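Each chain, written out:
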Amino acid sequence: MRCALKPSDPAGELPDRTAQSPPAPAGGPFSRLPHLWEEGGAVGSDHDLGRALDRIAEAAVSLTGAHHAAVALRDADGGGPGELITHGVSPGAEPPAGASLEVPIQVEGEVCGTLYVAGKGDGEEFGDGDRHLVRVLAAEAGLALSNARMHAAARQRRRWIEGAASVTTALLAGPETRSRATHALTVVAEQGRELAEAATGAVLLPHPEGGMEVVAISTVLSEDVRTEAFHGWIPPASPVLHQLHAGLAVFSDDFAADPRSVSPLSRHYGPTMLLPLRSNGRVLGALALCRMSGDRRFSHSERTLGTQFAAQAAVALVLVDRHRDRERLAVFEDRDRIARDLHDLVIQRLFATGMLLETARRKALLPEVQEGLGAAIDELDATIQEIRTAIIALQQGPSEAPPGLRTRVLRAAGAALGGRPSVQFVGPVEARVDERTGRDLLAALDQALTSVGAPSPPRVSVVVDTTATLPDGRPGVRLTVRSPDASHPPVTWERPLDGHSGS
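> How would you explain the overall build of the protein chain if you had to name every residue and give the values?
Looking only at helices and strands, one finds 11 helices and 14 strands in the protein chain. Scored against the burial criterion, the 503 residues of the protein chain give a buried share of 41%. Across the protein chain, every contact between residues at least 6 apart in sequence was considered, and the portion connecting residues at least 24 apart equals 57%. Carbon and sulfur atoms make up 54% of the accessible area of the protein chain, which totals about 26800 Å².

> Outline the sheet that holds strand β14 (residues 491-496), supporting the account with residue identities and numerical values.
Read from one edge of the open sheet, four strands run β11-β12-β13-β14, paired in mixed fashion. On the outer flanks of this sheet lie β11 (422-426) and β14, each paired with one strand and no other. In this sheet, adjacent strand axes meet at a mean angle of 15 degrees when their direction is disregarded.

> I'd like a description of the pairing of strand β13 (residues 475-482), backed by residues and values.
In terms of strand pairing, strand β12 (residues 461-469) meets β13 through seven bridges, oriented antiparallel. The partner of Ala-468 across the bridge, within β13, is Gly-476. Where β13 lies against β14, six bridges are found, and the strand directions are antiparallel. Paired with Leu-479 across the bridge in β14 is Trp-493.

> Kindly report on a nonpolar patch on the surface, identifying the contributing residues and their values.
A surface patch of nonpolar side chains, about 320 Å² in accessible area, is lined by Leu-365, Leu-366 and Val-369. For Leu-366, the position within the fold is in the loop between α7 (300-363) and α8 (367-394). Note on Leu-366: relative accessible area 46%, which makes it partly exposed.

> For the environment of Glu-197, give the residues involved together with the corresponding values.
Relative to the helices and strands, Glu-197 is located in the loop between α4 (180-196) and β5 (200-206). Between the C-alpha atoms of Glu-197 and Phe-298, which are 101 residues apart in sequence, the distance is 9.8 Å. Not counting the four nearest positions on each side in its chain, Glu-197 is found in contact with Arg-291 and Arg-296.

> Outline the side chain of Thr-219, listing residues and values.
By the secondary structure assignment, Thr-219 is in strand β6 (residues 212-219). Polar side-chain contacts of Thr-219 include one of 2.7 Å to the side chain of Thr-200. A polar side-chain atom of Thr-219 sits 3.0 Å from the main-chain amide nitrogen of Leu-221.

> Please set out the packing of aromatic side chains residue by residue, giving values where relevant.
Applying the stated criterion across every chain, the model contains one aromatic pair. Between Trp-160 and Phe-309 the ring centres are 5.7 Å apart and the planes differ by 70 degrees, which places this aromatic pair in the edge-to-face class. Taken together, the positions of Trp-160 in helix α3 (residues 128-172) and Phe-309 in helix α7 put the pair 149 residues apart, joining distant regions of the chain. Judged by relative accessible area, Phe-309 falls into the buried class, the value being 2%.

> An account of helix α2 (residues 49-64) is requested, with residue identities and associated values reported.
Between its terminal C-alpha atoms α2 stretches 22 Å, which fits the 22 Å expected from 16 residues at 1.5 Å a residue. Among the residues making up α2, those that are buried are Leu-49, Ala-52, Leu-53, Ile-56, Ala-57, Ala-59, Ala-60, Val-61, Leu-63 and Thr-64. Count one or two residues on from α2 and you reach Gly-65, which has phi positive near 75 degrees.

> Mind laying out the nonpolar core, listing which residues take part and the relevant values?
By size, the foremost hydrophobic cluster in this structure holds 31 residues, and its most contacted members are Leu-53, Val-71, Leu-115 and Val-117. Among the elements of the structure, α2, β1 (66-74), β3 (100-107), β4 (110-120) and α3 are those that each provide at least two residues to this core. In terms of residue count, the dominant contributor to this core is α2 (nine residues). Apart from the residues within four sequence positions on either side, Leu-115 is in contact with Ile-56, Ala-70, Val-71, Leu-101, Glu-102, Val-103, Ile-105, Val-134, Leu-137 and Ala-138. Judged by nonpolar contacts, the second largest core, of 29 residues, contains Leu-195, Leu-287, Ala-313 and Ala-314.

> Provide a residue-level description of unusual backbone geometry, including the pertinent values.
Its identity is not glycine, yet Glu-108 carries a phi of approximately 55 degrees, on the positive side. With respect to the secondary-structure elements, Glu-108 resides in the loop between β3 and β4. Judged by relative accessible area, which is 80%, Glu-108 ranks as exposed. The backbone of Glu-197 sits at a positive phi, close to 50 degrees, despite the residue not being glycine.

> Could you give an account of the confidence of the model for the protein chain, with specific residues and numbers?
The predicted model of the protein chain averages 76 in pLDDT, with 75% of residues at 70 or higher. Per-residue pLDDT, averaged within each element of the protein chain, yields its smallest value for helix α1 (residues 33-45) (51) and its largest for strand β8 (residues 250-252) (92). Here residues 1-27 scores under 50 on pLDDT; set against residues more than four positions off or in separate chains, the count is 25 contacts.

> Break down the side chain of Ser-461 for me, citing the residues and quoting the values.
In this fold, Ser-461 is placed in strand β12. Apart from the residues within four sequence positions on either side, Ser-461 is in contact with Ser-422, Thr-480, Val-481 and Arg-482.

> Got a sec to walk through the environment of Ser-218? Specific residues and values, please.
When you line up the elements, Ser-218 lands in strand β6. Residue Ser-218 is classed as buried on the basis of its relative accessible area of 7%. C-alpha separation for the pair Ser-218 and Glu-194, spaced 24 residues apart in sequence, amounts to 9.3 Å. For Ser-218, the residues in contact, after removing those within four places along its chain, are Ala-189, Glu-190, Arg-193, Ala-199, Thr-200 and Gly-201.

> Can you explain the pattern of salt bridges? Please cite residues and give values.
If you walk through the whole model with that rule in mind, you get 14 salt bridges. Across the pair Arg-361 and Glu-358 runs a salt bridge, and its minimum N-O distance is 2.6 Å. Of the two residues, Arg-361 and Glu-358 are both situated in helix α7; the distance of three residues between them amounts to about one turn of the helix. The exposure class of Arg-361 is partly exposed, given its relative accessible area of 29%. Taking the shortest distance from any N to any O, the salt bridge between Arg-362 and Glu-358 comes out at 3.7 Å. Here Glu-358 and Arg-362 lie together in helix α7, a separation of four residues that amounts to about one turn. Taking the relative accessible area as the measure of exposure, Arg-362 reaches 57% and is therefore exposed.

> An account of the environment of His-67 is requested, with residue identities and associated values reported.
Structurally, the position occupied by His-67 is in strand β1. As for His-67 and Val-117, which are separated by 50 residues in sequence, their C-alpha atoms are 7.7 Å apart.

Each value, and the rule that gives it
- Residues numbered from 1 in each chain as written.
- Predicted model: local features only at pLDDT ≥ 70, side-chain atom pairs only at ≥ 80, totals over all residues.
- Heavy atoms only, no water.
- Helix = DSSP H or I, 4+ residues; strand = E, 2+ residues; numbered from the N terminus.
- Buried < 20%, exposed > 50% of the residue type's maximum accessible area, 1.4 Å probe, protein only.
- Contact = heavy atoms within 4.5 Å.
- Areas by Shrake-Rupley, 256 points an atom, 1.4 Å probe, with all protein chains shown as cover.
- Pairing = 2+ DSSP bridges.
- Axes fitted to C-alpha atoms, helices over the stretch in contact; angles between N-to-C directions.
- Patch = residues over 30% accessible without salt bridge, like charges linked within 9 Å, V, L, I, M, F, W, Y side chains within 5 Å.
- Salt bridge = Lys/Arg side-chain N within 4 Å of Asp/Glu carboxyl O.
- Polar contact = N/O pair within 3.5 Å; in protein donor to acceptor, adjacent residues only side chain to side chain.
- Phe/Tyr/Trp six-rings, centres within 6.5 Å; stacked < 30°, edge-to-face > 60°.
- Expected span 1.5 Å × (residues − 1).
- Core = buried A, V, L, I, M, F, W, Y, C linked by side-chain atoms within 4.5 Å.
- pLDDT = per-residue confidence, 0-100.

Take a look at the structure:
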């Protein structure tokens, strides 16, 4: 709100629409209008709120002849005292005795503070002109406060938007040298903490026993608190958890004293936001942003922006998962191609070479030549079997999935012998051998490899045959571990299948 008169208007004169009003007395409020207009223009062009309010307090003293003026603001949420700017006496001093005026400072109809003047000279009362001037100055203060809030809100909104964008960029371009999933969660915790100007940011994901556990944290507190956080979780019965699962944010001005808080970590914190990480109607986890006890509480705009950031972070996490799935799919497709090439090209050529050697062995006249060709054929057969084992390993599922029996047999054989033994599978191993039989087979394999593996012979062979017929005529699985050393007889283990459908 600004005065309707311009500085060029003669002092003490009114526009035509007020010509019937009596002229103002000399030195009255109308003579102060040019000064009021000048101060209003200066305040409106000043983007520094503290400086603008200081000019208003100074103008209130000079225009009304008061000894003291003060601008008292409420905090951003209107819940308590905020900034106090005084002019005429030092802050905290007793105001001079005498008359006083108090005019509310409003922004869009909301009372956000008070403009106060007191102590007119010689005990004189403030007149209507003084009251009008103070009201104009209060309106100027409201305008300055509104502009400052809009600028601050715009800057704050821009920070959160840029922060959310940087999270997405950082997640999709995360380093390959560490777990992308761990990196993604840490980035969300770090960026959320910085944007919220909090002491701690933490990401919580569902716990296997229900509830949620801390899986990533960024904090300015001690390493002991960080370590303690990774042992903290929200139990399934917590009312906070029910609210998060419903997709609703949880806000607290004092988390340490909040009866909803059941975590021992809450003793460190005051104002706290627990924000659901939600995408496509599914709650993936939660983002906790915590300030220290005694710190300012989160404003309404910070709560709104924090909730929006959490939603954007959840979308970014989903994108990371999909990006990782695409990368894994590309790896599996490449492994399938390698497996096909090994089977269709390498094995076929080795097999053809073996046939040529077998023909040459039959036609050879010298016994030593026949013996040498036979050894070469045996080596080719063993090499073909090893390539088939490698093909099976290439065709295994994701590393996160429980490994099948084939993979466990290969790992056990390699670990026991410290090399790469010849392992052969006969029949549909995964389909016919159930979990219990598979565990017994692995135990027998470990025992057999231990008996033939010291010192490690160069060509230990392992055969797992699920098409075997046991001596009693029942179908079964047979494990055979054979060493080329004649001093180590083959080790055989058998188990009936009895119609087991497999693991």
